[in-house]
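Structure at a glance
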Amino acid sequence: MITVPNSVPGPIVAPDEVARRAQSLRMRRFGMAVATYVVVILAAFLTTRLGLGQMTFAQWATFIGLALIGNIVFFVLFLTGANLRFSDPSLTRGQIVYSAFWGLVAIHSLPEARPMLLMFYLPAFSFGMLRLNRRQYLRVAACVMGLYGSLLVVEYLQNRGGFRIQYQIFLFVLFGILLTWFAFFGGFVSDIRRRLRLRNLEIEAAHERIKTESEERLRARIEKDNLIIQLEHALSEVKTLSGLIPICSACKRIRDDKGYWNQIESYIRDHSDAEFSHSICPDCQQRLYPDLY
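Residues numbered from 1 in each chain as written. Predicted model: local features only at pLDDT ≥ 70, side-chain atom pairs only at ≥ 80, totals over all residues. Heavy atoms only, no water.

1. So, helix H3 (residues 92-109)
Worth spelling out the cut-off: For helices the rule is a DSSP run of H or I covering at least 4 residues; for strands it is a run of E covering at least 2, with both sets numbered from the N terminus onward. The length a helix should cover is 1.5 Å for every residue beyond the first. Buried means the residue's accessible area, taken with a 1.4 Å probe over protein chains only, is under 20% of the maximum for its type, while exposed means over 50%, and partly exposed covers the values in between.
Between its terminal C-alpha atoms H3 stretches 26 Å, which fits the 26 Å expected from 18 residues at 1.5 Å a residue. Taken across its 18 residues, H3 has 13 buried, putting it largely inside the fold.

Written out as structure tokens, the structure reads:
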């Protein structure tokens with residue numbers, strides 16, 4: 001007897017485990033963002049050591065303090081799971097905008113090194129490639145340019161020494177072009193990633209359908225084999241009489257294949273599974289035992 005094997009299920013991941021893995025990935029990305037803050041602080045420090053500008057104690061305190069406060073807030077959000085209440089649990093847009101606001105302190109304090117410091121916006125801005133689509137990227141770029149433009153307006157109104165409006169506008173336009181290019185390129189990468197994810201989901205769904213169909217076909221084939229075996233077993237236990245059977249018209253004996261004449265009950269017993277229980281019919285009783293009737 002062939003038994004039908006049960007399908008072996010793949011590893012089932014609980015929803016809580018999926019959420020835990022996603023949150024762990026967000027924490028790792030946040031760690032990379034913190035590393036970017038450290039790199040920018042080191043770049044600002046090297047800038048001052050190279051004589052390209054100076055920052056007062058208050059400016060350093062503000063610069064480092066805002067970095068600590070912002071990252072502590074984001075860390076607490078990720079650690080407590082409060083980030084899951086937002087539409088984007090990774091808080092990518094919020095982190096990019098805050099880093100842009102934080103970077104204004106160094107940009108304002110070190111105007112001589114402003115072109116170099118502006119380049120450090122790009123690593124932070126590139127974090128959105130894995131999360132933001134083109135429209136979201138452009139909105140973030142507009143927000144960052146708005147913050148930078150506000151700083152330029154404040155410096156212009158303060159009539160800050162050494163402030164050249166033509167040069168600052170040139171940097172502003174160049175920076176805007178770079179961010180816009182990053183937004184389109186990042187949106188393109190994000191769109192490809194989204195399409196690949198959808199394609200992978202379709203492939204996985206097709207694989208599951210093929211697996212289910214294969215299991216159903218295997219089950220049907222095994223059931224058919226079981227039925228065939230049962231039929232063959234039943235047929236092997238059944239003996240039938242067929243064809244012409246030579247029988248004596250007088251004594252009713254039957255001739256077998258070897259030419260011997262056998263009693264009819266012996267012949268039927270040898271060629272089938274039937275058994276005889278001898279008795280006597282009423283007609284024979286009256287003929288053989290007339291005295292009893």
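2. Digging into helix H6 (residues 134-157)
For the α-helix, the turn length of 3.6 residues means that residues three or four positions removed from each other point alike. Condition: Polar contacts, as used here, are pairs of N or O atoms within 3.5 Å; protein pairs need one atom able to donate a hydrogen and one able to accept it. Residues neighboring in sequence count only if both atoms are side-chain atoms.
Between its first and last C-alpha atoms H6 spans 34 Å; for 24 residues at 1.5 Å apiece the expected length is 34 Å, and the two agree. Within H6 the residues assigned to the buried category are Tyr 137, Val 140, Ala 141, Val 144, Met 145, Tyr 148, Gly 149, Leu 151, Leu 152 and Glu 155. Sitting at the amino-terminal end of H6 is Asn 133, which places a side-chain oxygen 3.2 Å from the backbone nitrogen of Arg 135. One or two residues past the end of H6 sits Asn 159, with phi positive at roughly 55 degrees.

3. Quick word on unusual backbone geometry
Even without being glycine, Leu 91 reaches a positive phi, approximately 55 degrees. Tracing the backbone through its elements, the reader meets Leu 91 in the loop between helix H2 (57-80) and H3. Accessibility expressed as a relative area gives 9% for Leu 91, which makes it buried. Its identity is not glycine, yet Asn 159 carries a phi of approximately 55 degrees, on the positive side. Along the chain, Asn 159 turns up in the loop between H6 and helix H7 (165-236).

4. Some remarks on the nonpolar core
What counts, and what does not: Nonpolar cores were defined as sets of buried Ala, Val, Leu, Ile, Met, Phe, Trp, Tyr and Cys residues, with membership established by side-chain atoms within 4.5 Å. Only heavy atoms enter the contact rule, under which two residues are in contact if any of them lie within 4.5 Å.
Among the nonpolar cores identified, the biggest contains 42 residues, and Phe 63, Tyr 121, Phe 125, Val 144, Phe 175 and Leu 179 are the most heavily contacted of them. For Val 144, the residues in contact, after removing those within four places along its chain, are Ile 96, Ala 100, Tyr 121, Phe 175 and Leu 179.

5. A look at the environment of Phe 63
Mapped onto the fold, Phe 63 is located in helix H2. Under the relative-accessibility criterion, Phe 63 is labelled buried at 0%. Along the chain, Phe 63 and Ile 41 lie 22 residues apart, while their C-alpha atoms are 8.3 Å from each other. Contacts of Phe 63, omitting those with residues within four sequence positions, involve Val 40, Ile 41, Ala 44, Met 55, Trp 102, Val 105 and Ala 106.

6. Some details on the packing of aromatic side chains
Under the convention used in this document: Each aromatic pair joins two rings of Phe, Tyr and Trp (for Trp, the six-membered one) with centres within 6.5 Å, and gets the label stacked for planes under 30 degrees apart, edge-to-face for over 60, and tilted for any other angle.
Overall, the coordinates contain 13 aromatic pairs when judged by the stated rule. Ring centres 4.5 Å apart and planes at 5 degrees place the aromatic pair Phe 63 and Trp 102 in the stacked group. Pair noted here: Phe 63 is in helix H2 and Trp 102 is in helix H3, with a separation of 39 residues, a long-range link. The exposure class assigned to Trp 102 is buried, which follows from its relative accessible area of 3%. Here the aromatic cluster, defined as three or more aromatic residues joined through ring pairs, consists of Tyr 37, Trp 60, Phe 63 and Trp 102.

7. Points about the pattern of salt bridges
Quick note on the threshold: Criterion for a salt bridge: a side-chain nitrogen of Lys or Arg within 4 Å of a carboxyl oxygen of Asp or Glu.
Considering all chains together, one arrives at 8 salt bridges under this definition. Between Arg 194 and Asp 191 there is a salt bridge whose closest N-O contact spans 2.7 Å. Of this pair, Arg 194 and Asp 191 both sit in helix H7, 3 residues apart, which is roughly one turn of the helix. With relative accessibility at 36%, the residue Arg 194 sits in the partly exposed group. With a shortest N-O distance of 3.5 Å, Arg 221 and Asp 225 are connected by a salt bridge. Of this pair, Arg 221 and Asp 225 both sit in helix H7, separated by 4 residues, roughly a single helical turn. A relative accessible area of 44% means that Arg 221 is categorised as partly exposed. Connected through salt bridges with shared partners, the residues Glu 17, Arg 20 and Arg 21 form a single ionic network.

8. What to know about the side chain of Glu 155
When you line up the elements, Glu 155 lands in helix H6. Excluding residues within four positions of it along the chain, Glu 155 makes contact with His 108, Arg 114, Arg 160 and Phe 163.

In short, geometric facts, not functional conclusions.
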